[in-house]
Amino acid sequence: MSSAVPPMFLSRRGFLRAVAATAVAVPVLGVAAGRATAADAYDTLRLKWRDLMLGTGFDATAEPYKSKLSALGTTAATLRSTMAVASGSLWPDLDYADPDPNTDTASYGYSAALGTSFSRLRTLAEAYSQPGTGVTGNAALLTEILAGLDHLHTERYNNTQATYGNWYNWQIGIPQALLDICVFLYDSLGATRIADYAAAIDHFVPDSAVATYSGTSTGANRVDLCRVIALRGVVAKTPAKIATARNALSPVFPYVTAGDGLYADGSFVQHTVVPYAGSYGSVMLGGLSLLFALLKGSTWEVTDSGRQVIFDSVEKAYAPFLFNGLAMDSVSGRAVSRGVQTTDTRRILQDDHGRGHAIIACIALLAQSASSAESARWQSMVKGWIARASYAPILTDPTLGVAAAARLAAVRNGTATAAAEPTGHRLFPGMDRAVHRRTAWAANVSMASGRITYYENGNGENVRGWHSGSGMLYWWGKDFANGQYSDSFWPTVDPYRLPGTTASKKVLADGAGGTWGASRPDVKWVGGASDGTYATVGQYLKGLSSTLVAKKSWFFLDDAIVCLGAGIRGRDATGVESVVENRNLGAAGVHAFTVDGTAQSTALGWNATLTGAKWAQLAGHAGYVFPGGATVKALRATRTGAWSDINAGGTTDPITRRYLTLWFDHGTDPTDATYSYLLMPGATTTATAARAADTTYLTTLANTDNQQGVAVPSLGFTGVNFWFAGTVGTLTTTAPAAVMIRESAGTATICVSDPMRQSATIDVTWNRPVSAVTSKDSTVQTISTGTALTLRITPGTLGATHKAVVTLT
């Protein structure tokens, strides 16, 4: 598969993330050991890259730089003490001599060991080059690095060696590390080594690697390959290579309508079917921000007008998934399973906050190449994220390098006004995701269809993410619960009870469904309609490796999300559940849980069947309302797991977390089960009880296998998911559709989409007097007004929302 990486080579995303993050520095003169003067255009670019990688203008004796540089020195000291040149290895724990070289799992481990050997040498070279590491400019260290480079070149990475294992190590991981070393130690390498390394890179990464935009040369991978070719051209002073790399970036820029890349709706997909803005998308953005900055002002500057798509993606594709500094897990693929991993002398935590910090660092760097207006907006956004990142402060993130910290500190201390988190709703039909933001909270729903996979696993990573595309509903508070999914959620949560999902209890094997997103449900109706504030969203769910089917709807409102389920069926001789909540209470949480005004036990192991429950509230988290009363089950329990349970490269240390779980038990092989509840993030017991008592707040218009819909008169909101054509209340459609109406002060906005992406036209009739259509999208035709309104929608193929604004009689 295109970007497969074995767990032991943590550093495809861990290493690259750290390297990309390190690059967020203002390229000005004045850095540590070995800084030379530019003699030509190539030297200028090489020194600029050095500044981008190492940073400039920071005080090595001040925090957070002092601690970061000290940690780098400590890592270097450990690596030096264990490095031992031997046949088939440079470190005893990294045997790269594959006895049976091919592309099987075992060979992946050997190629990963070679890649890690180069990344360790890069760490040593960085420690030598940075100030304040304790080994800055150390002659003995330089000799050891050169000996290591000579050894690896002689034995493996040369222009006569055949590849084995993972293509990524040979074409991206190793050459990127090697070229950084060449930049850091350029004056010490000599012409012969430079020529030899250039020849090796040409052998493994020929120009043909970027000749066509296909296979392993798309999206983030293409940008990584261009970085290799461009820097090879810089270091060896070959202008054609730099031009080739620049030109090969152009296919990355245009919007796509299927497969890998950026979509006009803000979606980002990699591996053809995996939403990936938080991981591969971050790498792509980081690589482009580096290359744009490197080549700016040179003969090879990136001037393709298509690059505006990348600038636009900051606010369309990345910012919507950033909240208080974290990047939402629904767009990070198998990376969510990495957690705590051991690399060299450090235990590195990879979580939603770390992934968010890396993206924020990329945005800060990209601002150097953007327009003044874009740069000003992005600096305000960055400053806001820094200010709100109280759970995991950004500047002291140990995975961000010195250069990133320096750049971000400059933004924090600058004149920009910190931007608040935006409010509103964003649908991403290109990757079956939706994000809802209010002033006090944010939520995100993750779905799957014939276009988007249930989940991605590969290389032994994320082997139990089976149901994360079955309507998982994530949410965070403005100033609470920002560590909900960071605090060892993934290795400890019950994978059959992910919050928001409907799932069969059928036992699944690790990695069930195949690798690299191979399994997708045979369904089309997934999507919704939104006016940018509220939304109607639905998913026709078919369970992974089970007979489960269900219709699930979410209506995203002001202080609540209304959740409906219907047509829930299964024939696997096992139970089916819809999970209202599965809240991570941390290592010692005893949060009060109140049901209909009665406090429930805080004892671990407490469980209950709550018959006729009207409402429940979990202190410090949320309120839950069950219209008309419902029978739900609840459990307060501890769960113990290890990152290695879900990721072959994870640590084996046992971790225990407490959970409060609330769910509908549909029983074994249900025939036509339903559910209905409101999630009210941040609601107190008083607010939750008041909503439950207000029988006028919500009207359920339908909750069947054919249609699901609600009306909230106080908000002027009506939302209906028509799984089949028909009539619900005052609305009729001639084809499957998602319809949302919002009335206000004598006007109404009608929003319609075709989530199935196959109808030629959809006629929508609203049995409500309308005097005129005052504005409409070009895809909307007015058929009639007067005592009722009929609109004809020509929806196209991408599941977009089509709008019309009308005047009510």
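Residues numbered from 1 in each chain as written. Predicted model: local features only at pLDDT ≥ 70, side-chain atom pairs only at ≥ 80, totals over all residues. Heavy atoms only, no water.

Within this structure, the stated rule accounts for 30 aromatic pairs. A connected cluster of aromatic rings, assembled from ring pairs, spans Phe323, Tyr474, Trp476, Tyr485, Phe489, Trp490 and Tyr659. When the ring centre of Tyr697 is taken as reference, the NZ or CZ atom of Arg691 above it lies at 3.8 Å. Across from the ring centre of Tyr534, 4.5 Å away, lies the NZ or CZ of Arg742, which sits over that ring. (Phe/Tyr/Trp six-rings, centres within 6.5 Å; stacked < 30°, edge-to-face > 60°. Lys NZ or Arg CZ within 6 Å of the ring centre and 35° of its normal.)

With that settled, consider the state of the cysteines. Here the structure, examined in full by the defined rule, presents zero disulfides. Here Cys226 stays free of any disulfide, with the sulfur of Cys362 as its closest cysteine sulfur at 16 Å. (Disulfide = S-S within 2.5 Å.)

What follows deals with helix 3 (residues 65-82). Helix length check: helix 3 (18 residues) gives 26 Å between terminal C-alpha atoms against 26 Å at 1.5 Å per residue, within 8%. Listed as buried for helix 3 are Tyr65, Lys68, Leu69, Leu72, Gly73, Thr75, Ala76 and Leu79. An end-on view of helix 3 places all buried positions within 165° of arc, on one side of the element. (Helix = DSSP H or I, 4+ residues; strand = E, 2+ residues; numbered from the N terminus. Expected span 1.5 Å × (residues − 1). Buried < 20%, exposed > 50% of the residue type's maximum accessible area, 1.4 Å probe, protein only. Arc of directions from axis to C-beta.)

In space, the four strands of this open sheet follow the order 8-9-10-11, with antiparallel pairing throughout. Edge positions in the sheet fall to strand 8 (424-428) and strand 11 (472-477), since each of these pairs with one other strand and no more. Pairs of neighbouring strands in the sheet enclose a mean axial angle of 10°, with direction left out of account. (Pairing = 2+ DSSP bridges. Axes fitted to C-alpha atoms, helices over the stretch in contact; angles between N-to-C directions.)

Sheet faces and side chains relate simply in a regular strand, where the side chains alternate between the two faces. The buried fraction of strand 16 (residues 561-569) is high, at eight of nine residues. With seven bridges joining them, strand 15 (residues 549-556) and strand 16 adopt antiparallel strand pairing. Across the sheet, the residue bridging to Val549 is Arg569, located in strand 16. Where strand 15 folds back onto strand 16 in an antiparallel hairpin, the turn is made up of four residues. Sheet topology note: the strand 16/strand 23 (residues 673-681) ladder contains six bridges and is antiparallel. When the sheet's bridge partners are listed, Leu564 is paired in strand 23 with Ser676.

This brings us to the side chain of Ser267. Mapping Ser267 onto the fold places it in the loop between strand 1 (261-262) and strand 2 (268-270). On the basis of relative accessible area, Ser267 is assigned to the buried category, the value being 0%. In terms of polar contacts, Ser267 uses its side chain to reach the side chain of Asp265, at 2.7 Å. (Polar contact = N/O pair within 3.5 Å; in protein donor to acceptor, adjacent residues only side chain to side chain.)

Another aspect to go through is helix 7 (residues 186-204). End to end, helix 7 covers just 21 Å across 19 residues, shorter than the expected 27 Å (1.5 Å per residue, more than 12% under). Along helix 7, the residues that are buried comprise Tyr186, Leu189, Ile194, Tyr197, Ala198, Ala200, Ile201 and Phe204. In this structure, the buried residues of helix 7 make contact with helix 2 (41-54), helix 5 (139-155), helix 6 (167-184) and helix 8 (219-235). (Contact = heavy atoms within 4.5 Å.)

Moving on: the packing of helix 2 against helix 10 (residues 280-295). In a packed pair of helices, the relevant descriptors are the angle between the two axes and the axis-to-axis distance. Direction vectors running N to C along helix 2 and helix 10 enclose 140°, while the axes themselves pass 9 Å from each other. Relative to helix 10, the element helix 2 is oriented oblique. As for how helix 2 packs across helix 10, the hand of that crossing is right-handed. The segment helix 2 lies against helix 10, with Leu45, Lys48, Trp49, Leu52 and Met53 engaging Leu290, Ala293, Leu294 and Leu295. Looking at the contact of helix 2 with helix 10 residue by residue, the classes come out as eight nonpolar, no polar and one charged. (Parallel < 35°, antiparallel > 145°, perpendicular 65-115°, else oblique. Left-handed = near helix turned anticlockwise from the far one by under 90°. Nonpolar A, V, L, I, M, F, W, Y, C, P; charged D, E, K, R; others polar.)

Ordered by their spatial adjacency, seven strands build an open sheet running 24-25-26-29-30-35-32, and the pairing between neighbours is antiparallel. In the strand order of this sheet, the two ends are held by strand 24 (699-703) and strand 32 (770-776), each with one partner. Going from strand to strand, the sheet's axes swing by 15° on average, the running direction of each strand aside. As paired strands, strand 32 and strand 35 (residues 802-808) are joined by five bridges and run antiparallel to one another. Considered in strand 35, the bridge of Val773 is made with Val806.

Its location among the elements puts Lys66 in helix 3. A relative accessible area of 48% means that Lys66 is categorised as partly exposed. Separated by 421 residues in the primary sequence, Lys66 and Asp487 place their C-alpha atoms 27 Å from one another. Beyond its immediate stretch of four places on either side in the chain, Lys66 contacts Ala60 and Thr61.

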